[in-house]
Amino acid sequence: MEFTRRDFAKIAGMGLASQMVPGLHAAESGAKVGYAVIGLGQIAGHFMPGVRDSSNSQITALVSGHRDKAERIAAQYGIPASSIYGYEEFDRIAENKNVQAVYVALPNSMHAEYTIRAAKAGKHVLCEKPMAISVRDCEQMIAACKQASVKLMIAYRCHYEPTNLRAVELIRSGEVGQVQVIESAFGFNAQAGQWRLSKALAGGGPLFDVGIYALNACRYLTGEEPKEIAAYASVIDRDGRFNEVEENVTWTMRFPSGIVSSCSTTYGAPMAGYFRVHGSKGWLEVDEAFSYEGLHLRGKLSGADLDEPNTARDPSHFQAEAEHFSHCIQNGLDPKSPGEEGLRDMRYITQIYKSAGISI
Ligand code: NDP
């Protein structure tokens, strides 16, 4: 991933401008982009209000295995019963003119199938991270979207989030000096009985789910791709939760410039997401960096203290990400976090697992 200064200005401009100037994109192109949300779980519950707050997007259809839940949500968003689909009948969405795009908010292993089916139905795809559970799946998703001439964006919301972008800007502008070392982590204590602990549905453990934030952050902060990766994984809690997926992973990466990073993820402890960047002119950290709100940038650069709390509230990240994708759809642009970005992370995740001795 290359975040040049020009890119930064472009991304920041799109995300921030759309938040600061309501109606900007709507005024640009008129009608709103209609989304079908696939999988009405936790993250869909953040995305839908984000879309409602947006200037250029709206929820126009729902896809769910639970009709009652879908009907309740449909009533909130003014969606007609004819635009509620079950998974088996999903392909009928091709006929729904009010749907231009889908938002794939399903367990990880289902992302590939629904992205490919949506592309075949002629719909643009905003797919949650991790993009899929294998490199092959990611490649097939990209190929299907190319073949159908629809856009594919992976929902890396931090790419559209002002505090993360501010950290990138401080690094790119030279204010941190030569970056030497980055530390990053993200994890939580996973409850038993959820799909995240099933290898078939999740692909793997916390690395796929939340470690990916630390991995991706090291890439956008450095603007480089890791050349070497070494990793360890472990299971400490023998309580049945980790029969199929790992509990802890820690990995190091060396980038072409010589920057080294050290990252961790866990399903066994509450581990707030953060990154800390150490450069020749000082340090900066965003802690928390990956939550839906409460992000806080601190540091000391050339002797001056940096203290920039972000007061934006959830669902602002989801609003910005939806506005970006809709803007791309309406204006024939490529999203800043396309399928190829998800594929790159998938390749590094595969390397991390390999180094840690885990087969996926
Ligand atoms: P949830 O379990 O809360 O929701 C997933 C939904 O998928 C379910 O509610 C269900 O919807 C549907 N579903 C269909 N088949 C299954 C199945 N076999 N097992 C379980 N659910 C199924 O998960 P999340 O919303 O937390 O995660 C969904 C995706 O979003 C994941 O890929 C995750 O990595 C990603 N995510 C991204 C975040 C971000 O910040 N960008 C944060 C959290 C998650 P229904 O009942 O309507 O059929």
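One can find the structure itself at the top, above this paragraph.
One structure accompanies this document, and this report is about it. Just so you know, these numbers come straight off a predicted model, no measurement behind them. (Residues numbered from 1 in each chain as written. Predicted model: local features only at pLDDT ≥ 70, side-chain atom pairs only at ≥ 80, totals over all residues. Heavy atoms only, no water.)

Digging into the pattern of salt bridges
The following threshold applies: Take a side-chain nitrogen of Lys or Arg and a carboxyl oxygen of Asp or Glu: if they are within 4 Å of each other, that pair is a salt bridge. Strands here mean DSSP runs of E at least two residues long; helices mean DSSP runs of H or I at least four residues long; both are numbered from the N terminus.
Applying the stated criterion to the full structure yields 22 salt bridges. R117 is paired through a salt bridge with E113; the nearest N and O atoms lie 2.6 Å apart. Separated by 4 residues within a single helix, R117 and E113 lie in helix α5 (residues 111–120), roughly one turn from each other. Across the pair E285 and R298 runs a salt bridge, and its minimum N-O distance is 3.8 Å.

Observations regarding the environment of L201
Among the structural elements, L201 can be located in helix α8 (residues 199–202). Residues L201 and L106 lie 95 residues apart in sequence; the distance between their C-alpha atoms is 9.4 Å.

A few points about the site of the ligand
Filter applied, for reference: Think of it this way: one heavy atom of a residue within 4 Å of a molecule or strand is enough to make that residue near it. Here a polar contact is taken to be a pair of N or O atoms separated by no more than 3.5 Å, where protein atoms must pair a possible hydrogen donor with a possible acceptor and residues adjacent in sequence count only if both atoms sit in side chains. Only the protein chains shown count as cover for residues, and the accessible areas themselves come from Shrake-Rupley with a 1.4 Å probe. The classification used treats Ala, Val, Leu, Ile, Met, Phe, Trp, Tyr, Cys and Pro as nonpolar, Asp, Glu, Lys and Arg as charged, and all other residues, Gly among them, as polar.
Neighbouring the ligand are 26 residues; S64, K69, Y87, N108 and R157 lie closest to it. At a separation of 2.8 Å, an oxygen atom of the ligand approaches a polar backbone atom of Q42. Between an oxygen atom of the ligand and a side-chain N or O atom of H111, the distance comes to 3.0 Å. In isolation the ligand offers 890 Å² of accessible surface; the protein chains occlude 83% of this area. Per-class residue counts for the shell around the ligand are 12 nonpolar, 8 polar and 6 charged.

Section: the pairing of strand β14 (residues 304–309)
Our working definition: Should DSSP find at least two bridges between two strands, the strands are taken to pair.
In this structure, strand β13 (residues 296–301) lies alongside β14, joined through 6 bridges in antiparallel fashion. Each residue of the ladder has a partner; that of L301, found in β14, is A304. Linking β13 to β14, which pair antiparallel, is a turn of 2 residues; within it S302 sits at a positive phi near 50 degrees.

Some thoughts on the nonpolar core
Applied cut-off: Among the buried residues, those of types Ala, Val, Leu, Ile, Met, Phe, Trp, Tyr and Cys that are joined through side-chain atoms within 4.5 Å form a nonpolar core. Burial classification: accessible surface area is computed with a 1.4 Å probe over protein chains only, and a residue below 20% of its type maximum counts as buried, one above 50% as exposed, and the rest as partly exposed. In what follows, residue pairs with any heavy atoms lying within 4.5 Å of each other are defined as contacts.
With 74 residues, the main nonpolar core has L221, W251 and F275 as its most contacted residues. Per element, the largest residue contribution to this core is 11 residues, and it comes from helix α9 (residues 206–222). Residues within four places of W251 in sequence aside, it is in contact with L207, G211, A214, L215, A230, A231, S261, S262, C263, S264, T265 and I352. With 29 residues, the next largest nonpolar core counts L40, F47, V51 and A320 among its residues.

Digging into the sheet that holds strand β11 (residues 268–279)
Put simply, the rule is: Only C-alpha atoms enter the line fits that serve as axes; for helices the fit covers just the stretch in contact. Angles between N-to-C directions range over 0 to 180 degrees.
Taken in spatial order, the 8 strands make up an open sheet running β8-β9-β10-β7-β11-β12-β13-β14, and their pairing is mixed. Strand pairing shows two members of the sheet lacking a second neighbour, β8 (228–234) and β14, which therefore form its edges. Averaged over all pairs of adjacent strands, the angle between strand axes in this sheet comes to 10 degrees, irrespective of strand direction. Sheet topology places β11 next to strand β12 (residues 282–287); 6 bridges connect them, and they run antiparallel. When the sheet's bridge partners are listed, G279 is paired in β12 with G282. Each of β7 (179–189), β9 (248–254), β10 (260–266) and β11 touches α9; the most contacted strand, β7, lies at about 160 degrees to it.

Overview of the packing of aromatic side chains
So the rule is basically this: Two rings from Phe, Tyr or Trp (for Trp, the six-membered ring) form a pair when their centres sit within 6.5 Å of each other. Planes less than 30 degrees apart are called stacked, planes more than 60 degrees apart edge-to-face, and all others tilted.
One pass over the full model with this rule turns up 11 aromatic pairs. Between F275 and F290 the ring centres are 6.2 Å apart and the planes differ by 50 degrees, which places this aromatic pair in the tilted class. Of this pair, F275 sits in strand β11 while F290 is found in the loop between β12 and β13, placing the two residues 15 residues apart along the sequence. Each member of the aromatic cluster is reached from another via a ring pair, and the members are F186, Y213, F275 and F290.

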